Amino acid sequence: MSDVDTPEAVAGDDTAEARTVDTDRGSVVYVEYGDPEGIPVLFFHGTPGSRLLGELYDDVARERGVRVLALDRPGYGDSDPWDDRTLATTGVFAAAVLADAGVDSAGVVGFSGGGPHALAFGASHPGCVRRVDLVAGATPPDCGPEEPRPQRILGALATKAPWLLSGLLGVQVWLARRRPAVVVGQYTSGDTDDLPEAVTTLVGRDFVAGLESSRDGLLTETRLFTREWDFPLERVTAPVGLWHGTRDGNVPIEGARELQSRLRDAELTTVETDHLRTLLTSRDAVLDRQVQAGREARQRA
């Protein structure tokens, strides 16, 4: 059981310089947080989301000597859309980001909808991934109980009426610009008054940045998450840490327990909280594990 306190502030640089990487399927944009000379960790944002969410790790990464590479997945933020991508093709753009950053191997952290992509990268590029941490990570559709109703509705709309879902998302973006707390409410349970204003603001900015230019990323991934994952979990050879809230209304804890049982080397740490708060309360411990894995890798080299 993790006992890490919720951060009271988010330190970060809104002007972090974005870098663009060209791939065979379009350009991908990423930024760096933390220590530029530190142990590299690739961060996958949620669904929807953007590279901006990596700012949540900026201060603790700097303290621990971690270099966080946070990217916009295709169709989010400033990265080009890639309509027919699948989870198995994650390595195309993830490996390109590492190569551009001059990194041979890295730890990987995936939050929420970024979790399946983190595992997929580990499966396709085992030599590049030393450890995977899934924070409130989405699980395969056949894991655990029935998917929560909001996610089922999103999946149906993305498949049968993408034009309608795109319009609804446009309204949400308009609201999020004016009231970031509206977004936070989608990832939490109960009162949100305890959340620092900086966190609420950042989550709202992340939502807007992820969807303002294009809805393609969310539409693509929502359809992907309703299908069987197209990569074998047994190919994930790196150690996996699952960090999950017992009160997570977005991804039920039962799914995380089942996913743990299907992975070769996985440890589940539970926190008595919800989806967003799991991200906040686990960030120190997650980076501590990433630092440990990075140091062990250096000793073996």
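Heads up: the structure comes first, above all this text.
An account of the accompanying structure is given in this report. (Residues numbered from 1 in each chain as written. Predicted model: local features only at pLDDT ≥ 70, side-chain atom pairs only at ≥ 80, totals over all residues. Heavy atoms only, no water.)

What to know about the overall build of the protein
Argument step 1. Along the protein, the regular secondary structure elements total 10 helices and eight strands.
Argument step 2. The C-alpha atoms of the protein give 17 Å as radius of gyration, which agrees with the globular expectation for 301 residues (19 Å, within 12%).
Argument step 3. Per-residue burial over the protein gives 56% buried out of 301 residues.
Argument step 4. Residue pairs at least 24 apart in sequence account for 79% of intrachain contacts in the protein once pairs closer than 6 positions are excluded.
Argument step 5. For the protein, the exposed surface amounts to about 12,600 Å²; the carbon and sulfur share of it is 46%. (Helix = DSSP H or I, 4+ residues; strand = E, 2+ residues; numbered from the N terminus. Rg over C-alpha atoms; globule rule 2.2 N^0.38 Å. Buried < 20%, exposed > 50% of the residue type's maximum accessible area, 1.4 Å probe, protein only. Contact = heavy atoms within 4.5 Å. Areas by Shrake-Rupley, 256 points an atom, 1.4 Å probe, with all protein chains shown as cover.)

Focus on the sheet that holds strand S7 (residues 240–245)
Argument step 1. Ordered by their spatial adjacency, eight strands build an open sheet running S1-S2-S4-S3-S5-S6-S7-S8, and the pairing between neighbours is mixed. Looking at which strands have only one partner, the edges of the open sheet turn out to be strand S1 (19–23) and strand S8 (266–271). Each neighbouring strand pair of the sheet contributes to a mean axis angle of 25 degrees, computed without reference to strand direction.
Argument step 2. In this sheet, strand S4 (residues 66–71) lies alongside strand S3 (residues 39–44) in parallel orientation, the contact comprising six bridges. Looking across to S4, one finds that Phe43 is bridged to Ala70.
Argument step 3. The strands touched by helix H10 (residues 275–300) within the sheet are S3, S4, strand S5 (106–111), strand S6 (129–135), S7 and S8, with S6 carrying the most contacts at an inclination of about 170 degrees. (Pairing = 2+ DSSP bridges. Axes fitted to C-alpha atoms, helices over the stretch in contact; angles between N-to-C directions.)

With respect to the environment of Glu197
Argument step 1. Here Glu197 shows up in helix H7 (residues 197–211).
Argument step 2. Measuring from C-alpha to C-alpha, the distance between Glu197 and Ala181 comes to 9.2 Å, with 16 residues separating the pair along the chain.

Here's the deal with the nonpolar core
Argument step 1. In this structure, Phe43, Tyr57, Val135, Leu276 and Leu279 are the most contacted members of the largest nonpolar core, which totals 46 residues.
Argument step 2. Residue contributions to this core peak at seven residues, all from H10.
Argument step 3. Every residue in contact with Val135, bar those within four places of it in the chain, is listed here: Tyr57, Val109, Gly110, Phe111, Ser112, Trp243, Thr278, Leu279, Ser282 and Val286.
Argument step 4. In this structure, Ala94, Val108, Trp229 and Phe231 belong to the second largest nonpolar core, which totals 41 residues. (Core = buried A, V, L, I, M, F, W, Y, C linked by side-chain atoms within 4.5 Å.)

A look at the side chain of Asp133
Argument step 1. With respect to the helices and strands, Asp133 occurs in strand S6.
Argument step 2. We classify Asp133 as buried; its relative accessible area is 0%.
Argument step 3. Within the structure, the side chain of Asp133 is placed 2.9 Å from the side chain of Arg131, a separation counted as a polar contact.
Argument step 4. Among the polar contacts listed, one links the side chain of Asp133 to the side chain of Gln290, at a separation of 2.9 Å.
Argument step 5. The residues touching Asp133, leaving out its near neighbours within four places in the chain, are Val108, Val109, Gly110, Gly241, Trp243, Val286 and Gln290. (Polar contact = N/O pair within 3.5 Å; in protein donor to acceptor, adjacent residues only side chain to side chain.)

With respect to the pattern of salt bridges
Argument step 1. The full count for this structure, using the stated rule, is 21 salt bridges.
Argument step 2. Its salt-bridge partner being Asp72, residue Arg51 comes within 2.4 Å of it at the nearest N-O pair. Note that Arg51 is positioned in the loop between S3 and helix H1 (58–64) and Asp72 in the loop between S4 and helix H2 (90–100), a separation of 21 residues in sequence. Each member of the pair, Arg51 as well as Asp72, is classed as buried.
Argument step 3. With its nearest N and O atoms 2.9 Å apart, the salt bridge here joins Arg131 to Asp133. Like Arg131, the residue Asp133 is buried in the burial classification.
Argument step 4. Overlapping salt bridges bring together Asp59, Glu63, Arg64, Arg283, Asp284 and Asp288 as one network. (Salt bridge = Lys/Arg side-chain N within 4 Å of Asp/Glu carboxyl O.)

Considering the packing of helix H4 (residues 149–160) against helix H5 (residues 162–178)
Argument step 1. With their axes 5 Å apart at the nearest point, H4 and H5 run at an angle of 125 degrees to one another. The pairing of H4 with H5 is recorded here as oblique in orientation. Taken together, the residues of H5 that come into contact with H4 (itself represented by Leu154, Leu157, Ala158, Thr159 and Lys160) are Pro162, Leu164, Leu165 and Leu168.
Argument step 2. Residue classes in the contact of H4 with H5 are distributed as seven nonpolar, one polar and one charged. (Parallel < 35°, antiparallel > 145°, perpendicular 65-115°, else oblique. Nonpolar A, V, L, I, M, F, W, Y, C, P; charged D, E, K, R; others polar.)

Here we look at unusual backbone geometry
Argument step 1. The amide bond that connects Thr47 to the next residue, Pro48, takes the cis arrangement and shows omega of 0 degrees.
Argument step 2. Along the chain, the position of Pro48 falls in the loop between S3 and H1.
Argument step 3. One non-glycine residue with positive phi stands out, namely Ser112, at about 55 degrees.
Argument step 4. If you trace the backbone, Ser112 turns up in the loop between S5 and helix H3 (114–124).
Argument step 5. Take Ser112: its relative accessible area is 11%, and that puts it in the buried class.

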